[in-house]
Structure formats: structure tokens, C-alpha cells
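# Survey of secondary and tertiary structure
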Amino acid sequence: SGGTHHAFAAAGEGFCVFNDCAVAARLAQVEFGVANVLVVDLDVHQGNGTAKIFEGDDSVFTYSAHQAKGYPFSTRCASDVDVDLPDGCDDELYLRLVEPLREMIASRRPGL
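Residues numbered from 1 in each chain as written. Predicted model: local features only at pLDDT ≥ 70, side-chain atom pairs only at ≥ 80, totals over all residues. Heavy atoms only, no water.

Turning to unusual backbone geometry, a few remarks are in order. The linkage connecting Tyr 71 with the following residue, Pro 72, adopts the cis geometry, with an omega of 0 degrees. Not every positive phi belongs to a glycine, and Phe 15 is a case in point at roughly 70 degrees. The residue Phe 15 is located in the segment before α1 (20-32) in this model. Residue classification places Phe 15 among the exposed residues on the basis of a relative accessible area of 91%. (Helix = DSSP H or I, 4+ residues; strand = E, 2+ residues; numbered from the N terminus. Buried < 20%, exposed > 50% of the residue type's maximum accessible area, 1.4 Å probe, protein only.)

Relative to the elements of secondary structure, Asp 57 occurs in the loop between α2 (48-53) and β2 (60-67). Owing to a relative accessible area of 18%, Asp 57 belongs among the buried residues under this scheme. At a separation of 2.6 Å, a polar atom in the side chain of Asp 57 contacts the side chain of Ser 59. (Polar contact = N/O pair within 3.5 Å; in protein donor to acceptor, adjacent residues only side chain to side chain.)

Looking now at the sheet that holds strand β1 (residues 37-41). The parallel open sheet is built from three strands, whose spatial order is β1-β2-β3. Each edge of the open sheet carries a strand with a single partner, namely β1 and β3 (81-85). Taken pair by pair, the neighbouring strands of this sheet meet at an average axis angle of 5 degrees, ignoring direction. Pairing geometry for β2 and β3, over five bridges, is parallel. (Pairing = 2+ DSSP bridges. Axes fitted to C-alpha atoms, helices over the stretch in contact; angles between N-to-C directions.)

Structure follows, in C-alpha cells:
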């Protein structure tokens, strides 16, 4: 399975041993020359490991839409964009809150 976004470069967290998104992004950059990567994380939990791994790296942009009050509680790391969703968020609100993602993809034009 995928979605191991809680794993950091040097340690796992939250049942995540390694960060598959980070591995895929770096592999695409090194092996296939992908210059600009956009990681879109739509899991209920904030992608703290992915955010930390790519912190300060302009070649990888991290976007996480997640439950505002959910895990991780003490180890959150800022993504480039974090969308905090309220408890009880319905489909209409969710779609409205993630709508700016369309423009972000169009403007950044990621290779992956």
C-alpha cells in the first residue's frame, strides 16, 4: 500500500517505515530528469514526513489537505500548502477548499 507520508528521512512514524512519495519524487528527479514535482496528499492525516523531507527544497512542492484536529498531534511539519479540514467536513466544503489545487497545478506545471 502507499501513503506512507509520516515517515521521515531518518525514522519512521505512525506505522510508516519509509516515505514512498519521497522515494518516488527523488527517483523521478535523478533517473528521469523531472525538475518540478508536486506532492498532493489528500489523506485524513497531515503528511508531516513528506513536508519535513522536502522542507526548503524548491524542486518539490508539498500540498496536504487533512483533518485539522487529527494525527499527527505533536510532530506536524509545515507543507508548502496545508489545508486544515474541519471535523464533519462534507463533500461540498471539501471540494470548495481543495479547488485552488487546480490553479496550483496549472501554474506550477509539475513534471510529476
